[in-house]
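# Topology and contacts: notes
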Amino acid sequence: MPRRPGQARSRCLLRPRSPAGPGALPPPEGLPCPVLRVMWNTVTLCSLGRLPPKAASLLLPRLQTLNCVFERNYKDLCHGKQPTRILQNQGLKRTRDVLPCRLVSNKAKYRRYAKTYPVLDGRILSVYRHVFEENLRNSEAVIKRYSELLEMVSKGGGEDAILRHTQRNKKLFVRERLKLLLDDESFLELSPLAGLDMPYGDVPAAGCLTGIGKICGVWCVFTANDATVKGGTIYPIGVKKQLRAQEIAMQNRLLSVYLVDSGGAFLPLQSELFPDKSHGGRVFYNEAIMSAMRIPQVAVVCGSCVAGGAYVPTMTEEVVMIDKISTLFLAGPPLVKAATGECVSPEDLGGAKLHSKVSGCSDHFASSEKEAYECVRNIISTLNYDPLPEEVMEHDSPLYSSEELLGLAPQDYRCTLPVKLILSRLMDGSRFQEFKANYGTTLVTGFGHVEGHLVGIVASNGELSHDASLKGSHFVQLCSQRSVPILFFQNTAPHTAEPTSISQAEAHSNRLKAQASMMAAVACAAVPKITIVIGGCYGSESYVMCGRSFSPNFLFLWPNARVALVDSRHFCTVPQAGDNDCTADESELKRLKEKLEAESSAFYSSARLWDDGVILPQNTRKVIAQCLDIIEQQKYQVVPPHRHPVIRM
């Protein structure tokens, strides 16, 4: 049908689907790919025209006739050549803008248009200089403490335990194992400070290392037990860390590798390890669900694997065991002797040879640890994954130094500087396309790029007001509709005073309703979300800004961050039950403030896995880009539905 002058071209050109679905017309013979045609079927009609299936079926004959006309006209246009080439030769230069975005490289478009975004002014004015210097001194102090904690954690169970592990037991230290397993690239370690200063003592790194690195070019989640910490015994915080690693693997469809060297559960804390839904058994449940989701899982038994720990490798899809190092059993030789009086060696009871030749619990036999990790790399090469694109996205560096972020990390909410100063040091070329710049200014929203990745930005710039919440709700829904990942930069205001008049109460209620609207938008946004806590994380506003409860793909803290229900530095009274006019005893109030102060530090939060780790402000851009690369990998894993896990034996 000829197009009238000024009439927009049809946007009903669909990318071919396979299988086409019921009612779809077969592709015409000889038509070159990609096939650009209208595919009319009952489902399409119902979705476009809001018609019931019966009514839609009555229209099919008429629409199929129209479809044949479209196909004939299209064949005449193509003359048997590639469609896109013909269209370009005929001078249709705006074809890229007309076709759906799926048919055009998004990255090409982003590179084309990104440099037209306005440039942020990141200059630090003299009026801010004293606040900047105060923040800088605080950042240097907390980073020094952070470095000390990382140094302590990197030694695992201590130098004596490492010597015993490597020399007497002839095993590699867990970090040496990762060097052999992972590609020669930096990996993202998750929650390295987990397990410090717990009620039951220090458990460095929660007794296991978790993180994301590349193996044979594929992003993988790894969980590696550190047998130098408590002999590999599993503590409650260790279970929580393993479950978080599995959650990340499921959320981002990442292959999982387990390096198991475990002595089983710590029995004195069994009530915190065994019975509940989120306790140890959940690890095995998740393994089955991940297998059904077609997420591959591989395990290497790197040492002793006893009791509940024995189920971790046997629930994976492929297992590697190492000669004279790996052992796998529910009860070790001491319990066998106590129960039956029989003396048996660990190797005879559950060694690598037995499980490779007799039980079948092991799929691969390795003579050394180095050979075992080579075997894992070979296994991953058999996964038949599409290779990730090797193109390096061109991007500009920010115009301002990332080192200056140390002076922009607020020591206190009262020391907060405009958040655009932070964004100017994180976005490519310091360019930012702001959304509703003059409305709800206590929340900054807009689009930018981080190392070539298009992202939506939602950044705290003051108290989350009624207008700011509505603006945030609108913007989050835009990002969800356009499939753009969202970065939240969270620095929420301390708890505000209760209203003292009817007008204040009304404004307070309106603000709560607007925040509830934004909460719903954030919770339902079907796009990747990454949250960086750059200052305070307090009360209900932390939920609105995609706190831990709202399941962001990743959540990191700056060392200066504070996490608590209320800010201990911004209240002076505590309401008493049954007596709203009575103030708390001063000594009790002082003790409460001290407790809140200690429990709100970034290190206290990270030790309890309320986040995925503490990161340095100057490394924020690198970490965000790494997370976006990790999230993007699943685009290249088109996996058909599969209902059942791999059942061993």
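Keep in mind it's a predicted model, so treat the numbers as computed, not measured.

Bringing the overall build of the protein into the picture now. Looking only at helices and strands, one finds 23 helices and 16 strands in the protein. Looking at the protein alone, contacts between residues at least 24 apart form 73% of all its contacts between residues at least 6 apart.

Here we come to helix α15 (residues 369-381). The end-to-end C-alpha distance of α15, which contains 13 residues, comes to 19 Å, matching closely the 18 Å that a straight helix rising 1.5 Å per residue would cover. Among the residues making up α15, those that are buried are Glu369, Ala372, Tyr373, Cys375, Val376, Arg377, Ile379 and Ile380.

A few words now on empty space enclosed by the protein. The method is simple in principle: a probe with the dimensions of a water molecule rolls over the atoms, and the space it marks as empty is what remains. For the structure shown, the criterion picks out 5 cavities of 30 Å³ or more. Looking at the largest cavity, its volume works out to about 80 Å³. In terms of lining residues, the largest cavity is bounded by Thr223, Asn225, Ile234, Gln242, Tyr258, Leu259, Val260, Ser262, Gly309 and Val312. For the lining of the largest cavity, the secondary-structure elements that each account for two or more residues are β3 (218-225) and β4 (255-262). No other element matches the 4 residues that β4 contributes to the lining of the largest cavity. Looking at side-chain class alone, the lining of the largest cavity contains 5 nonpolar, 5 polar and no charged residues.

All right, on to the sheet that holds strand β10 (residues 443-450) then. Strand order across the open sheet formed by 6 strands is β9-β10-β11-β12-β13-β15, with mixed pairing between neighbours. Bordering the open sheet on either side are β9 (433-435) and β15 (554-557), each of which pairs with just one other strand. Adjacent strand axes in the sheet meet at a mean angle of 20°, parallel and antiparallel pairs treated alike. When strand β12 (residues 486-490) meets strand β13 (residues 529-533), the two strands line up parallel, connected through 5 bridges. Each residue of the ladder has a partner; that of Phe489, found in β13, is Ile532. Across the sheet, helix α18 (residues 466-482) lies against β9, β10, β11 (453-460) and β12, angled at about 30° from β10, the strand it touches most.

What follows deals with the nonpolar core. Ile212, Ile457, Phe489, Ile532 and Phe554 are the most contacted members of the largest nonpolar core, which totals 64 residues. Grouped together as the second largest cluster of nonpolar side chains are 47 residues, Phe173, Cys302, Leu406 and Val563 included.

Turning next to the state of the cysteines. Applying the stated criterion to the full structure yields 0 disulfides. The closest cysteine sulfur to the non-disulfide-bonded Cys302 is located on Cys305, 9.3 Å from its own sulfur.

It is worth spelling out the confidence of the model for the protein at this point. The predicted model of the protein has a mean per-residue pLDDT of 82, with 77% of residues at 70 or higher. Within the model, the stretch residues 1-63 combines pLDDT values under 50 with 73 contacts to residues more than four positions away or in other chains. Below pLDDT 50 for its whole length, residues 76-105 participates in 32 contacts with residues either more than four positions away or in separate chains.

Once that is clear, we can look at unusual backbone geometry. In the Ramachandran plot, Cys216 falls in the positive-phi region, its phi being about 55° despite a non-glycine side chain. Residue position: Cys216 is located in the loop between β2 (208-215) and β3. Phi at Ser551 is positive, roughly 50°, even though this residue is not glycine.

All right, on to the pairing of β4 then. Counted residue by residue, β4 has 8 buried out of 8 residues, so it is predominantly covered. Here β4 shows no split at all, with Leu255, Val257, Leu259 and Asp261 on one side and Ser256, Tyr258, Val260 and Ser262 on the other all buried. As judged from the 5 bridges shared by β3 and β4, these two strands associate in the parallel manner. Among the inter-strand pairings, Thr223 is bridged to a residue of β4, identified as Tyr258. Taking the sense of rotation as the criterion, the β-α-β connection linking β3, helix α9 (residues 236-252) and β4 turns out right-handed. In terms of strand pairing, β4 meets strand β5 (residues 297-306) through 6 bridges, oriented parallel. Bridging from a neighbouring strand, Tyr258 pairs with Ala299 of β5.

Within the secondary structure, Asp261 sits in strand β4. Reaching out from Asp261, the side chain makes a polar contact with the side chain of Lys171 at a distance of 3.1 Å. Apart from the residues lying within four places of it in its own chain, the contact partners of Asp261 are His165, Lys171, Arg177, Asn225, Ala227, Gly232, Cys302, Gly303 and Ser304.

As a further point, take the packing of α9 against helix α10 (residues 281-292). Between α9 and α10, the shortest axis-to-axis distance is 10 Å and the interhelical angle comes to 15°. Here α9 is positioned roughly parallel relative to α10, judged by the angle of their axes. For α9 against α10, the interelement crossing comes out left-handed. Between α9, through Gln242, Leu243, Gln246, Ala249 and Met250, and α10, the contact on the second element is made entirely by Arg282, Val283, Asn286, Glu287, Ile289 and Met290.

Here we come to the environment of Ser291. Inspection of the secondary structure puts Ser291 in helix α10. There is a polar contact of 3.0 Å between the side chain of Ser291 and the side chain of Glu317.

For the rest of this paragraph, the subject is the pattern of salt bridges. Within the structure shown, the criterion is met by 20 salt bridges. Between Arg145 and Glu148 there is a salt bridge, with its nearest N and O atoms 3.7 Å apart. Note that Arg145 and Glu148 are positioned in helix α6 (residues 129-154) at a spacing of 3 residues, about one turn of the helix. Residue Arg145 is classed as partly exposed on the basis of its relative accessible area of 43%. Classification of Glu148 by relative accessible area gives partly exposed; the value is 40%.

What follows concerns the pairing of β11. Side chains on a regular strand alternate between the two faces of the sheet. Counting buried residues along β11, 8 of its 8 residues qualify, which places the element largely inside the surrounding structure. Where burial is concerned, the two faces of β11 agree: the one with His453, Val455, Ile457 and Ala459 and the one with Leu454, Gly456, Val458 and Ser460 are both buried. In sequence, β10 turns back onto β11 through a hairpin of 2 residues, with Glu451 there showing a positive phi of about 50°. In this structure, β11 lies alongside β12, joined through 4 bridges in parallel fashion. Following the sheet pairing, Gly456 is matched in β12 by Ile486. Traced from β11 through α18 to β12, the parallel crossover comes out right-handed.

Below, the discussion takes up the packing of aromatic side chains. A complete count under the given rule lists 10 aromatic pairs for this structure. Measuring from centroid to centroid gives 5.5 Å for Phe284 and Tyr311, while their planes differ by 55°, and the two rings are tilted. Placement of the pair is Phe284 in helix α10 and Tyr311 in helix α11 (residues 311-314), with a sequence separation of 27 residues. Judged by its relative accessible area of 40%, Tyr311 falls in the partly exposed class. Between Tyr604 and Trp610, the aromatic rings sit 5.7 Å apart at their centres with planes inclined by 65°, giving edge-to-face as the arrangement. Taking relative accessible area as the criterion, Trp610 reaches 35% and is therefore assigned partly exposed. One aromatic cluster is present, formed by Tyr200, Tyr235 and Phe266 through successive ring pairs. Arg129 extends its terminal NZ or CZ atom over the ring of Phe132, reaching a point 5.2 Å from the ring centre. Across the ring face of Tyr604, the terminal group of Arg608 is positioned such that the distance to the ring centre comes to 3.6 Å.

Calculation criteria
- Residues numbered from 1 in each chain as written.
- Predicted model: local features only at pLDDT ≥ 70, side-chain atom pairs only at ≥ 80, totals over all residues.
- Heavy atoms only, no water.
- Helix = DSSP H or I, 4+ residues; strand = E, 2+ residues; numbered from the N terminus.
- Contact = heavy atoms within 4.5 Å.
- Expected span 1.5 Å × (residues − 1).
- Buried < 20%, exposed > 50% of the residue type's maximum accessible area, 1.4 Å probe, protein only.
- 1 Å grid on protein atoms, 1.4 Å probe; cavity = no way out; pocket = protein on both sides within 12 Å on 5 of 7 lines; lining within 4 Å.
- Points joined across faces, edges and corners; volume = space filled by probe spheres on them.
- Nonpolar A, V, L, I, M, F, W, Y, C, P; charged D, E, K, R; others polar.
- Pairing = 2+ DSSP bridges.
- Axes fitted to C-alpha atoms, helices over the stretch in contact; angles between N-to-C directions.
- Core = buried A, V, L, I, M, F, W, Y, C linked by side-chain atoms within 4.5 Å.
- Disulfide = S-S within 2.5 Å.
- pLDDT = per-residue confidence, 0-100.
- Right-handed = clockwise from strand over helix to strand, strands pointing away.
- Polar contact = N/O pair within 3.5 Å; in protein donor to acceptor, adjacent residues only side chain to side chain.
- Parallel < 35°, antiparallel > 145°, perpendicular 65-115°, else oblique.
- Left-handed = near helix turned anticlockwise from the far one by under 90°.
- Salt bridge = Lys/Arg side-chain N within 4 Å of Asp/Glu carboxyl O.
- Phe/Tyr/Trp six-rings, centres within 6.5 Å; stacked < 30°, edge-to-face > 60°.
- Lys NZ or Arg CZ within 6 Å of the ring centre and 35° of its normal.

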